[in-house]
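Analysis of the macromolecular model
Each chain, letter by letter, is given below.
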Amino acid sequence: MGKIRIRTGRGTGTIEVDDDPTKWSGDEFRKIQEARKKAASNRMVHTGRGTGSRRLGDEPDPKPRPSTEGMTRITGRGTGSRKSKNKGSD
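Residues numbered from 1 in each chain as written. Predicted model: local features only at pLDDT ≥ 70, side-chain atom pairs only at ≥ 80, totals over all residues. Heavy atoms only, no water.

Examining the layout of surface pockets
Using the following cut-off: Of the two site types, the cavity is a set of points on a 1 Å grid over the protein atoms alone where a 1.4 Å probe fits but cannot get out, and the pocket is an open set with protein on both sides within 12 Å along at least five of seven lines, each lined by residues with an atom within 4 Å of a point. Grid points are joined across faces, edges and corners, and a volume is the space filled by probe spheres set on the points. Gly counts as polar in this scheme, as do all residues outside two lists: the nonpolar Ala, Val, Leu, Ile, Met, Phe, Trp, Tyr, Cys and Pro, and the charged Asp, Glu, Lys and Arg.
Its volume calculated, the largest pocket comes out at about 290 Å³. Along its surface, the largest pocket is lined by Asp27, Arg30, Lys31, Gln33, Glu34, Lys37, Asp61, Pro62, Lys63, Pro64, Ser89 and Asp90. Within the lining of the largest pocket, the residues separate by chemical class into 2 nonpolar, 2 polar and 8 charged.

Topic: the environment of proline 66
What counts here: Starting at the N terminus, helices and strands are each numbered in turn, a helix being any DSSP run of H or I of at least four residues and a strand any DSSP run of E of at least two. Here's how the labels work: a residue is buried when its accessible area is under 20% of the maximum for its type, exposed when over 50%, partly exposed in between, all with a 1.4 Å probe on protein chains only. Working rule for contacts: check all heavy atoms of both residues, and any pair within 4.5 Å makes them a contact.
Relative to the assigned elements, proline 66 resides in the loop between strand E4 (52-55) and strand E5 (72-75). By relative accessible area, proline 66 is classed as exposed at 57%. In this structure, the C-alpha to C-alpha distance between proline 66 and serine 89, residues 23 residues apart in sequence, is 6.8 Å. Those residues within four positions of proline 66 in sequence are excluded, and the remaining contacts are Asn86 and Gly88.

Describing the pattern of salt bridges
The following threshold applies: Whenever a carboxyl oxygen of Asp or Glu lies within 4 Å of a side-chain nitrogen of Lys or Arg, that contact is scored as a salt bridge.
Using the criterion set out here, one finds 4 salt bridges in the structure. With its nearest N and O atoms 3.3 Å apart, the salt bridge here joins aspartate 18 to lysine 3. Pair noted here: aspartate 18 is in strand E2 (residues 13-18) and lysine 3 is in strand E1 (residues 3-8), with a separation of 15 residues, a long-range link. For aspartate 18, a relative accessible area of 34% corresponds to the partly exposed category. Here glutamate 69 makes a salt bridge to lysine 87, at a shortest N to O gap of 2.8 Å. With glutamate 69 in the loop between E4 and E5 and lysine 87 in the segment after strand E6 (80-83), this pair connects stretches of sequence that are 18 residues apart. Here lysine 87 falls in the exposed class, since its relative accessible area comes to 58%.

A look at the side chain of serine 84
By the secondary structure assignment, serine 84 is in the segment after E6. Residues within four places of serine 84 in sequence aside, it is in contact with Thr68, Glu69, Gly70, Met71 and Arg73.

With respect to the pairing of E2
The side chains of a regular strand alternate between the sheet's two faces. Condition: DSSP calls a pair of strands paired once it identifies at least 2 bridges connecting them.
With 6 bridges connecting them, E1 and E2 associate as antiparallel partners. Considered in E2, the bridge of arginine 5 is made with glutamate 16. Where E1 hands over to E2, the hairpin turn is made up of 4 residues, of which glycine 9 adopts a positive phi near 55°.

The values reported here are purely geometric and, on their own, carry no functional implication.
See the structure below:
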């Protein structure tokens, strides 16, 4: 487990934190979230300003992230563009 640098305070500062997958997003974090949801599937969650409730296990599973590979991505305040390399999640 290594250290990574992340930006803070509107991009003006940096801090070093442990490279822990439980703190980040992405496919690995999605698997961790799924395991947490399965462990707490019998727990009730409240919906609609607290007026309704459902079991956490009854919530739908998230859909996989779609691929945007080859699509144009706008960069630099809208002045440039490049092809996307995002292959999505499987």
